[in-house]
Amino acid sequence: MTLGVNMSKAKSSRDRRIAPLGVSRVTRSSNNPQECQRSKPTDSGLVDDLSLMSVSEQQASLARKGKSPSLSTKAVLSSPSGSSVPRGALETVGRLMKLGRVRNIVVVAGAGISTASGIPDFRTPGTGLYANLAKYDIPYPEAIFNIDYFSDNPHPFFSLAKELYPGHHRPNYVHYFVRMLHQKGLLLRMYTQNIDGLEKLCGIPDDKLVEAHGSFATAACHLCYTPYPAEEAKQAIMNGSVPICTFCAGAVKPNVVFFGEDLPEKYFQHAEDFPKADLLMIMGTSLKIEPFASLVNTVKSTVPRLLLNRYPVGPFERRPLRRADYMELGDLSDSVQKLAEILGWHTEIHDLMNSHENGLSYTDPSNSSGENSDSSETDSMH
Ligand code: OAD
């Protein structure tokens, strides 16, 4: 049986799988998103706050050009007397949270949340992973995560995988901030593109997490999808050999989603989550990879979207900004810490981080269940 025959069989069997929630099959691609059509704003309490905001276009445009990466969109909130009080994005969103106007936060994250843990992102010129793959001798950087390229030559990915396997890095303040959102009962779901496992490691429970681009926690044949023990796959890869499927003799790989592969079923949870969201926090992603990138366009137009990133990305690159869009540009750890201070959570996050990092309730990175003795505890902000 040739590889091609195997692949088409595997693909057609997956095509027949019925996606939950009535959403059709979605495959990863790197096309840029087309913005969804705006729907008519609905009458919501939040509109009262948000319609008072105006964005300093000049500042945002400077940041887009990379001239001043550390700034925030300015909101101007008019007081009943007519005088204007300038507010930054973090202050405005923090205020909504403190007022109890936000109860279902969806976090959308990318590699930028892990750079403070010492893991490079993908696309930052110079330091990003894709700028540093010359030694693998691949035709173009993203080939290393392309399923057809892998099928032809799995060695470049396996060499890189030795470095990418979780275990060498610790979660940072940003991860613990998201865990605190959960503990305060405010996290509806975190959608991450990251494969470093740091969300689970910091104690965000499985049911609050969608690892949209998969993870190293499980492994399977890339042709017939027969599961393979993850630890055995890891040992083979670390020893420089290719783990082989006992069923069809195809190469086994960790269940990281490659370009051209289907996203995990859990991803389709977005069809229920995003309409329920009352705040979207977008952190450390270039929003370049579909279908993930377009998720941010699926919240109601009145739902505030807060971008925390070095530069404007996705819909935040367009002018004018949607009126409920806020962005804080600069270093993510700094921005998240500022927001935590506004919320009065900073010390609590530090304490949580210290106690967790001291190993009181540590999770083995290879533990796919993500269970922690304390991770399912929630307390409420209200
Ligand atoms: P990218 O590298 O494309 O984007 C990371 C974004 O985070 C960029 O906009 C950076 O400017 C920003 N950033 C990095 N460090 C930051 C910091 N300390 N503070 C603020 N912003 C910072 O990464 P992703 O969007 O996650 O696929 O890439 C998406 C997918 O592309 C990944 O999932 C990956 C890749 O192909 C796989 O892992 C298989």
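The rules behind the values
Along every chain, residues carry numbers that run from 1 in the direction the sequence is written. This being a predicted model, a pLDDT of at least 70 is required before a residue's local features are given, and a value of 80 or more before pairs of side-chain atoms are given or counted; all residues contribute to the totals for chains, interfaces and linings. Note that water and hydrogens are dropped before the side-chain values are worked out from all heavy atoms of the structure. Helix numbering and strand numbering both begin at the N terminus, where a helix is a DSSP run of H or I of at least 4 residues and a strand a DSSP run of E of at least 2. Burial status follows relative accessibility: with a 1.4 Å probe on protein chains alone, a residue under 20% of its type maximum counts as buried, one over 50% as exposed, and anything between as partly exposed. Here, two residues are considered to be in contact whenever any of their heavy atoms come within 4.5 Å of each other. The protein chains shown are the only cover counted for residues, whose accessible areas, like all others here, come from Shrake-Rupley with a 1.4 Å probe. Among buried residues, the Ala, Val, Leu, Ile, Met, Phe, Trp, Tyr and Cys ones that are joined through side-chain atoms within 4.5 Å form a nonpolar core. In the analysis that follows, any N or O atom pair within 3.5 Å is treated as a polar contact, provided that within protein one partner can donate a hydrogen and the other can accept it, and provided that, for residues neighboring in sequence, both atoms belong to side chains. Any two strands are treated as partners once DSSP identifies two or more bridges connecting them. To obtain an axis, a line is fitted to C-alpha atoms, over the contacting stretch when the element is a helix, and the angle between two such axes runs from 0 to 180 degrees between their N-to-C directions. Residues are counted as near a molecule or strand when any one of their heavy atoms sits within 4 Å of it. Salt bridge criterion: a side-chain nitrogen from Lys or Arg within 4 Å of a carboxyl oxygen from Asp or Glu. Here the expected length of a helix is defined as 1.5 Å per residue gap, with one fewer gap than residues. Within this analysis, the arc is defined by the directions that extend from the helix axis to the C-beta atoms. Put simply, a disulfide is two cysteine sulfurs that come within 2.5 Å. Here a crossing is taken to be left-handed if its near helix is turned anticlockwise relative to the far helix by less than a right angle, and right-handed if that turn runs clockwise. Gly falls in the polar group here, along with every residue not listed as nonpolar (Ala, Val, Leu, Ile, Met, Phe, Trp, Tyr, Cys, Pro) or charged (Asp, Glu, Lys, Arg).

(A) Main features of the overall build of the chain. Secondary structure summary: the chain contains 12 helices and 12 strands in total. Of all 382 residues assigned to the chain, the portion counted as buried reaches 53%. Across the chain, the fraction of contacts at a sequence separation of at least 24, relative to all contacts at a separation of at least 6, is 70%. Element-wise, carbon and sulfur atoms account for 51% of the exposed surface of the chain, whose accessible area totals about 16800 Å².

(B) Local environment of the nonpolar core. By size, the foremost hydrophobic cluster in this structure holds 38 residues, and its most contacted members are M97, F177, M281, M283 and W345. Listing elements by their share of this core, those giving two or more residues are α4 (89-98), β4 (105-109), α7 (173-183), β5 (187-192), β10 (279-283), β11 (305-309), α11 (332-343) and α12 (346-357). When residues of this core are assigned to their parent elements, the largest contribution, seven residues, is made by α7. If we ignore the near neighbours within four places in the chain, the residues touching F177 are M281, M283, V336, L339, A340, L343, W345 and I349. Counting residues in each nonpolar core, the second largest holds 27 residues, with V108, L280, L321 and M327 among its members.

(C) Fine view of the side chain of D325. If you trace the backbone, D325 turns up in strand β12 (residues 325-329). For D325, a relative accessible area of 0% corresponds to the buried category. A polar contact of 2.8 Å, which involves the side chain of D325, links it to the side chain of R305.

(D) Molecular detail of the sheet that holds strand β8 (residues 227-228). The three strands lie next to each other as β8-β7-β9, forming an open sheet whose pairing is antiparallel. In this open sheet, the two strands that pair with only one neighbour each are β8 and β9 (252-256). Contacts between helix α6 (residues 155-164) and the sheet are confined to β7 (214-221) and β9, with β9 contributing the most and set at about 50° to the helix. Running at roughly 90° to β7, helix α9 (residues 230-238) makes contact with β7, β8 and β9 of the sheet.

(E) Layout of α4. Most of α4 sits out of view: seven of its 10 residues are buried. Buried residues of α4: A89, L90, T92, V93, G94, L96 and M97, and no others. Immediately beyond the C-terminal end of α4, within one or two residues, lies G100, with a positive phi of roughly 80°.

(F) Seen up close, the site of the ligand. As a structural note, the neighbourhood of the ligand is formed by 27 residues, with F122, R123, Y130, T285 and S286 the closest of them. The separation between an oxygen atom of the ligand and a polar main-chain atom of F122 is 2.7 Å. H213 is positioned with one of its side-chain polar atoms (N or O) 2.7 Å from an oxygen atom of the ligand. Within the complex, 97% of the 800 Å² of free accessible area of the ligand lies under protein.

(G) Looking closely at the pattern of salt bridges. Evaluation of the coordinates by the stated rule reveals 11 salt bridges. Of the charged contacts in the structure, one is a salt bridge between K253 and E261, with a shortest N-O distance of 3.0 Å. E261 matches K253 in its accessibility class, with the two residues each being buried. Linked by salt bridges that have partners in common, K200, D206 and E211 make up one network.

(H) A look at the environment of R103. Structurally, the position occupied by R103 is in the loop between α4 and β4. Judged by relative accessible area, which is 44%, R103 ranks as partly exposed. Separated by 84 residues in the primary sequence, R103 and L187 place their C-alpha atoms 7.6 Å from one another. Here G100 takes part through its backbone oxygen, which lies 3.4 Å from a polar atom of the side chain of R103.

(I) Up close: α11. Taking 1.5 Å per residue, 12 residues should reach 16 Å; α11 reaches 16 Å between its end C-alpha atoms and fits that length. For α11, every residue scored as buried is listed here: L332, S333, S335, V336, L339, A340 and L343. With its buried residues spanning 165° around the axis, α11 presents them on a single face. Those residues of α11 that are buried lie in contact with α4, α7, β10, β11, β12 and α12. Looking at where α11 begins, the residue whose side-chain oxygen comes 3.2 Å from the main-chain nitrogen of S333 is D331. G344 occupies a position one or two residues after α11 and carries a positive phi of about 75°.

(J) Quick look at the state of the cysteines. Evaluation of the coordinates by the stated rule reveals zero disulfides. C224 takes part in no disulfide bond, and the closest cysteine sulfur, belonging to C248, lies 3.7 Å away. Sulfur of C245: no disulfide; nearest cysteine sulfur belongs to C224 and is 3.7 Å away.

(K) Spatial organisation of the packing of α7 against α11. Remark: α7 packs on α11, axes separated minimally by 9 Å, with the N-to-C direction vectors making an angle of 35°. Of the two possible hands of crossing, α7 and α11 adopt the one that is left-handed. Residues Y173, V174 and F177 of α7 touch α11, and the partners they reach there are L332, S333, V336, Q337, L339, A340 and L343. Looking at side-chain class alone, the contact of α7 with α11 contains eight nonpolar, two polar and no charged residues.

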